[in-house]
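# Observations on the model geometry
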Amino acid sequence: MTAAQRWLAALWPVVRCRLPAPPAQVVEIGCGPLGGFVPMLRSSGYDAVGVDPEAPNEQSYRRVEFERLEPLQDVDVIVASTSLHHVADPAQVVDRVASTLAGAGTLVVIEWDWQAFDEPTADWCFQRLGPDEEAGWLHRRRDEWLTSGQPWSAYVREWAEEEQLHSARALLRLLDVRFRRKHFAHAPYFFPDLARATEEDEAAAIEAGQIRATRVDYVGMLR
């Protein structure tokens, strides 16, 4: 199982418990090449569509950015899993989400707070990586940091700026303008990419104060 598959398997219960009963209409923003949660949604009886330029070339997907998707209205739920921090204009996307949802619609967001990715958290992750032949994004961050000779804080800030990553703080400000929070929590994020740590291990390290929780779970309803 790949890291992406482990992520989807672990986060599906988090998403599922926030959904109304099927056959509600669900749109997933940034479902990616694996199709995100759409297969699980559809097998559970939901009318689900995934939106992503790299989505599978299948009927249940739209291979386009959400901002350029043909107008939809009265959607029951929109799911955005680690996709908002990548969009070009988050304010535009949040406005489009609000106009797409029905009056009692729900937004389920899972995001990454990269600003909380401090050096103790990075060290903890790097010590639990698998072999280099299984290299993923954390291997690349480790290797680039060591090559750069920079302090970790300077490196990760520069990397985020180059990738044009939006901060969780900025995203939450935008969301709170248009949505009323129903649920908010921090949780483990890195475990799918780690060979020698489980979600429970990461949660225990967070609880012990060894590392920071960098996943943000947010559920909101239209104001």
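Attention in this report is confined to the structure presented alongside it. (Residues numbered from 1 in each chain as written. Predicted model: local features only at pLDDT ≥ 70, side-chain atom pairs only at ≥ 80, totals over all residues. Heavy atoms only, no water.)

Here we take up the environment of cysteine 125. Among the secondary structure elements, cysteine 125 is positioned in helix H4 (residues 119-126). A sequence separation of 96 residues divides cysteine 125 from isoleucine 29, and the C-alpha atoms of the two residues are 28 Å apart. The contacts of cysteine 125, once residues within four sequence positions are left out, are Leu138, Phe190 and Leu194. (Helix = DSSP H or I, 4+ residues; strand = E, 2+ residues; numbered from the N terminus. Contact = heavy atoms within 4.5 Å.)

The nonpolar side chains of a soluble globular protein tend to be buried, and buried together. Of all hydrophobic cores here, the largest spans 44 residues; its most connected members are Trp112, Phe117, Leu138 and Phe190. Elements with a minimum of two residues in this core: helix H1 (3-16), helix H2 (38-43), strand S4 (75-81), strand S5 (101-112), H4, helix H5 (137-148) and helix H6 (152-163). If we skip the residues at most four places from it in the chain, tryptophan 112 touches His85, Phe117, Trp137, Trp159, Leu165, Ala168, Tyr189, Phe190 and Thr214. Formed by 26 residues, the second largest nonpolar core is a distinct cluster that contains Val93, Val97, Ala98 and Leu222. (Core = buried A, V, L, I, M, F, W, Y, C linked by side-chain atoms within 4.5 Å. Buried < 20%, exposed > 50% of the residue type's maximum accessible area, 1.4 Å probe, protein only.)

A word on empty space enclosed by the protein. If you walk through the whole model with that rule in mind, you get 1 cavity of 30 Å³ or more. Estimates place the volume of the largest cavity at around 40 Å³. At the level of secondary structure, the elements contributing two or more residues to the lining of the largest cavity comprise S5, helix H7 (168-178) and strand S7 (215-222). Of the residues forming the lining of the largest cavity, the biggest block, 4 residues, is contributed by H7. Residues belonging to the lining of the largest cavity are distributed by class as follows: 7 nonpolar, no polar and 1 charged. (1 Å grid on protein atoms, 1.4 Å probe; cavity = no way out; pocket = protein on both sides within 12 Å on 5 of 7 lines; lining within 4 Å. Points joined across faces, edges and corners; volume = space filled by probe spheres on them. Nonpolar A, V, L, I, M, F, W, Y, C, P; charged D, E, K, R; others polar.)

According to the stated counting rule, one finds 7 salt bridges in the structure shown. Notably, a salt bridge pairs glutamate 65 with arginine 68, separated by 2.8 Å at the nearest N-O pair. Residue glutamate 65 is classed as partly exposed on the basis of its relative accessible area of 35%. Overall, the relative accessible area of 59% leaves arginine 68 in the exposed class. Linking arginine 178 and aspartate 95 is a salt bridge whose minimum nitrogen-to-oxygen distance equals 2.6 Å. Of this pair, arginine 178 sits in helix H7 while aspartate 95 sits in helix H3 (residues 90-100); the two residues are 83 residues apart in sequence, bridging distant segments of the chain. Accessibility expressed as a relative area gives 38% for aspartate 95, which makes it partly exposed. (Salt bridge = Lys/Arg side-chain N within 4 Å of Asp/Glu carboxyl O.)

The next subject is the layout of surface pockets. Estimates place the volume of the largest pocket at around 1,200 Å³. Taken together, 38 residues line the largest pocket, and the ones lying closest to its centre are Gly30, Ser81, Thr82, Ser83 and His86. If you list the elements that add at least two residues to the lining of the largest pocket, you get H1, strand S1 (25-29), H5 and H6. Tallying contributions element by element places H1 first for the lining of the largest pocket, with 4 residues. Across the lining of the largest pocket, the residue classes break down as 21 nonpolar, 8 polar and 9 charged.

The next point concerns the packing of H4 against H5. Between H4 and H5, whose axes approach to 10 Å, the crossing angle comes to 115°. For the pair H4 and H5, the crossing hand works out as left-handed. Contact with H4, carried on its side by Glu119, Asp123, Cys125 and Phe126, involves Leu138, Arg141, Arg142 and Trp145 of H5 and no other residues of that element. Of the residues assigned to the contact of H4 with H5, the class counts are 4 nonpolar, no polar and 4 charged. (Axes fitted to C-alpha atoms, helices over the stretch in contact; angles between N-to-C directions. Left-handed = near helix turned anticlockwise from the far one by under 90°.)

This part covers H3. For H3, every residue scored as buried is listed here: Pro90, Val93, Val94, Arg96, Val97, Ala98 and Thr100. Check the buried side of H3 and you find it contacts S1, S4, S5, H7, strand S6 (179-187) and S7.

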